[in-house]
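# Overview (structure and organization)
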Amino acid sequence: MKRAENKSPEAPIDRRELMRRAVYMVGGAAALAGLEGCSGAEGNVQPQTRGSAGRYFSAIRMDQLRAVIDVMIPATDTPGAIAAGVPEFMDDMMRDWASAETRSQMKAVLDQIDERAIRVGGRSFRRLAPEHQLAVLEGYDAHSFEVWNADYQRFKDLVLLGYYHSEIGATQELRFELIPGRWDACVPLGDMRTWAD
């Protein structure tokens, strides 16, 4: 059979050529849509500034979430959770993954922390001084472990998941080697960080 590519643009095409072109067009569109996620415009978490709304949370909730997460994993000799984009990760998880029950659990945790901040410091958590934020969160954390607050445990799990699966968490907080070298069975421990998965 004669190949359709040799035909002129005005020549009629057969069913096989029509299907080939349709698949090519659909495949090309799908490939471009897939590459859009790699461009950084969508799906690539970029830390946002205070006062900006997330995709799910309002601006006030995002500020509250950022304040809580910043106290949980602050910047030290390695970048903290804010630089790793954990608040945006949590926001994306609430919008794209979480069930209605999980969303209400996460909001309840933020509300409980805010209520404690108002009771102890007279202001919402995000408006407290950093040292007071730490005291409020330490108190809430201790109480949550006493009463086994499962919602708070889940909240913390998501924060840790977001941080240690970010590039910063996996390559700067943890040790990471893309291609490990030789295997040494016995090495001095010294000041070693935990390895990334």
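Rules used in this analysis
- Residues numbered from 1 in each chain as written.
- Predicted model: local features only at pLDDT ≥ 70, side-chain atom pairs only at ≥ 80, totals over all residues.
- Heavy atoms only, no water.
- Helix = DSSP H or I, 4+ residues; strand = E, 2+ residues; numbered from the N terminus.
- Contact = heavy atoms within 4.5 Å.
- Core = buried A, V, L, I, M, F, W, Y, C linked by side-chain atoms within 4.5 Å.
- Buried < 20%, exposed > 50% of the residue type's maximum accessible area, 1.4 Å probe, protein only.
- Patch = residues over 30% accessible without salt bridge, like charges linked within 9 Å, V, L, I, M, F, W, Y side chains within 5 Å.
- Areas by Shrake-Rupley, 256 points an atom, 1.4 Å probe, with all protein chains shown as cover.
- Salt bridge = Lys/Arg side-chain N within 4 Å of Asp/Glu carboxyl O.
- Axes fitted to C-alpha atoms, helices over the stretch in contact; angles between N-to-C directions.
- Parallel < 35°, antiparallel > 145°, perpendicular 65-115°, else oblique.
- pLDDT = per-residue confidence, 0-100.

### Considering the environment of Gln105
Residue position: Gln105 is located in helix α4 (residues 100-121). Expressed as a C-alpha distance, the spacing of Gln105 and Tyr152, which sit 47 residues apart in the sequence, is 8.1 Å. With residues up to four places along the chain from it excluded, the contact list for Gln105 reads Asp151 and Arg154.

### Notes on the nonpolar core
Membership of the largest hydrophobic core comes to 31 residues, with the highest contact counts inside it found for Leu65, Val86, Met90, Phe125 and Phe155. It is helix α2 (residues 59-72) that provides the largest number of residues to this core, a total of six residues. What Leu65 contacts, discounting residues up to four positions off in sequence, is Phe57, Pro87, Met90, Leu110 and Phe155.

### Focus on a nonpolar patch on the surface
A cluster of nonpolar residues, Val187, Leu189, Met192 and Trp195, forms a patch on the protein surface that exposes about 390 Å² of accessible area. With respect to the secondary-structure elements, Trp195 resides in the segment after α7 (167-173). When its relative accessible area of 41% is taken as the criterion, Trp195 is described as partly exposed.

### Re the packing of α2 against helix α5 (residues 130-146)
For the pair α2 and α5, interaxial distance at closest approach is 10 Å and the crossing angle is 80 degrees. With respect to each other, α2 and α5 are oriented roughly perpendicular. Touching Ala67, Val68, Val71 and Met72 of α2 are Gln133, Leu134 and Leu137, all from α5.

### Points about the confidence of the model for the protein
Mean pLDDT over the protein works out to 82, with 74% of the residues at or above the 70 mark. Per-residue pLDDT stays below 50 along residues 1-6; that stretch engages in four contacts with residues further than four places along the chain or on separate chains. Contacts of residues 28-45 to residues separated by more than four positions or lying in other chains number seven contacts, the stretch itself having pLDDT below 50.

### Description of helix α3 (residues 86-96)
Those residues of α3 lying buried are Val86, Pro87, Glu88, Met90, Asp91, Met93 and Met94. As for α3, its buried residues are in contact with α2, α4 and α6 (150-164).

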